[in-house]
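Chain by chain, the residues:
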Amino acid sequence: MNAPLVHEKVAVRQVDLNAAGEVRRIDAWVRGQTGATPFHLPRWLQAIERGTGNRAYCLVAENEAGDLEGLVPLHAIGSPLFGRALVSSGFAVGGGILAGSQGVTDRLADAVWDLAGALNCPTAELRGGAIPHQGWTIQGDAHANFERDLAADDEAQLLAIPRKQRAEIRKGLDKGLVVETGNRARDLDWHYRVYAESVRNLGTPVFPRALMAETLRAFGDDADILTILSDGQPVASVLSLYFNGAVMPYWGGGVWAARALRANDVMYHALMNHARRRGCTRFDFGRSKVESGAYFFKKNWGFNPEPLSYSTRTADGRPPRDVNPNSAKYRSVVAAWQKLPLSIANLIGPWISRGLG
């Protein structure tokens, strides 16, 4: 009996993301919500739109007094290769509906599906967040998140890492690697050079450089890049977001030489210490596909997987959008991409990846 009553008392509307007052109001509200992520912030929506060209939307639910009761951030992702989808949030591992009750959740979910229809998107995806009651397919066994507290100091942080992984970090620390952090043009150049090679080696197209640049611009001091140098050359690099006391290493990777140097191990250990000195108390290692290499890598660092639930809805008779690089249909494509010259992969990759979202 409660859900219909909530529906009557809550109004859903689309926010003007160019209205500074609205943006400040939403930013403050999001930061106070349990389950909020940086992907719920207007600045994320705006950075993705500017960096990829995919239109951003934000739906809010308000009570009769005009107070916020719920929110869902969205991007309309369009691609001639992968079709169209309305996603919360685009290019994010999180997002979904923020709401204090099931009634508000369902009201926002209905509004998302209505907007998907208006935008000619046969698929809608909610990445985490509150789960709608009806009409959506829920998948809770495909992804997991990894997050834990940071230790009190550098030595305690190292000792908090399981012995086998700690030994790998010590090997890397003995190789004379240099750690650099910042959010200047030099840092972005280093990062994109490393990241582009890393994802090519994995067989996936690189995101546009503008996506990283716009994210740094939008987040300001709440984002930076940590790069590991060997003999003056970048070998591993990660762009991180800082939100509500947690650091999230988001876009990161290493070149071929990074593995022998243990550069990725040194990178994440250095980021933990850097984040604590910035005032962070949590390390959010982010989402990984269950049973993937990244999944086991994070477990080796002593992080416990926390299952994530994703909600998907598709138009009648339409298959769900498949952009999973581990899908059997893309196996041969991934293998071929890994063999591309880096210059060619970097040329055509951003055009393809804009539609992955």
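Residues numbered from 1 in each chain as written. Predicted model: local features only at pLDDT ≥ 70, side-chain atom pairs only at ≥ 80, totals over all residues. Heavy atoms only, no water.

A. View of the pattern of salt bridges. Applying the stated rule across the entire model yields 23 salt bridges. When the shortest N-O distance is used, the salt bridge between Arg25 and Glu22 registers 3.8 Å. Taken together, the residues span about one helical turn, with Arg25 and Glu22 both in helix H2 (residues 20-31) at a distance of 3 residues. Arg25 gets classed as partly exposed once you look at its relative accessible area, which sits at 30%. Judged by relative accessible area, Glu22 falls into the buried class, the value being 17%. As a salt-bridge pair, Arg31 and Asp27 come within 2.7 Å of each other at their nearest N and O atoms. Remark: Asp27 and Arg31 occur in helix H2; sequence separation between them is 4 residues, near one turn of the helix. One connected set of salt bridges, linked through shared partners, spans Arg13, Glu22, Arg25 and Glu62. (Salt bridge = Lys/Arg side-chain N within 4 Å of Asp/Glu carboxyl O. Helix = DSSP H or I, 4+ residues; strand = E, 2+ residues; numbered from the N terminus. Buried < 20%, exposed > 50% of the residue type's maximum accessible area, 1.4 Å probe, protein only.)

B. Highlighting the pairing of strand S2 (residues 56-62). The element S2 is largely enclosed, with a buried count of 7 among its 7 residues. Along S2, one buried face is formed by Ala56, Cys58, Val60 and Glu62 and the opposite face, lined by Tyr57, Leu59 and Ala61, is buried too. Where strand S1 (residues 11-14) lies against S2, 4 bridges are found, and the strand directions are antiparallel. Across the sheet, the residue bridging to Ala11 is Glu62, located in S2. Judged from the 7 bridges that link them, S2 and strand S3 (residues 68-79) form a sheet pairing that is antiparallel. (Pairing = 2+ DSSP bridges.)

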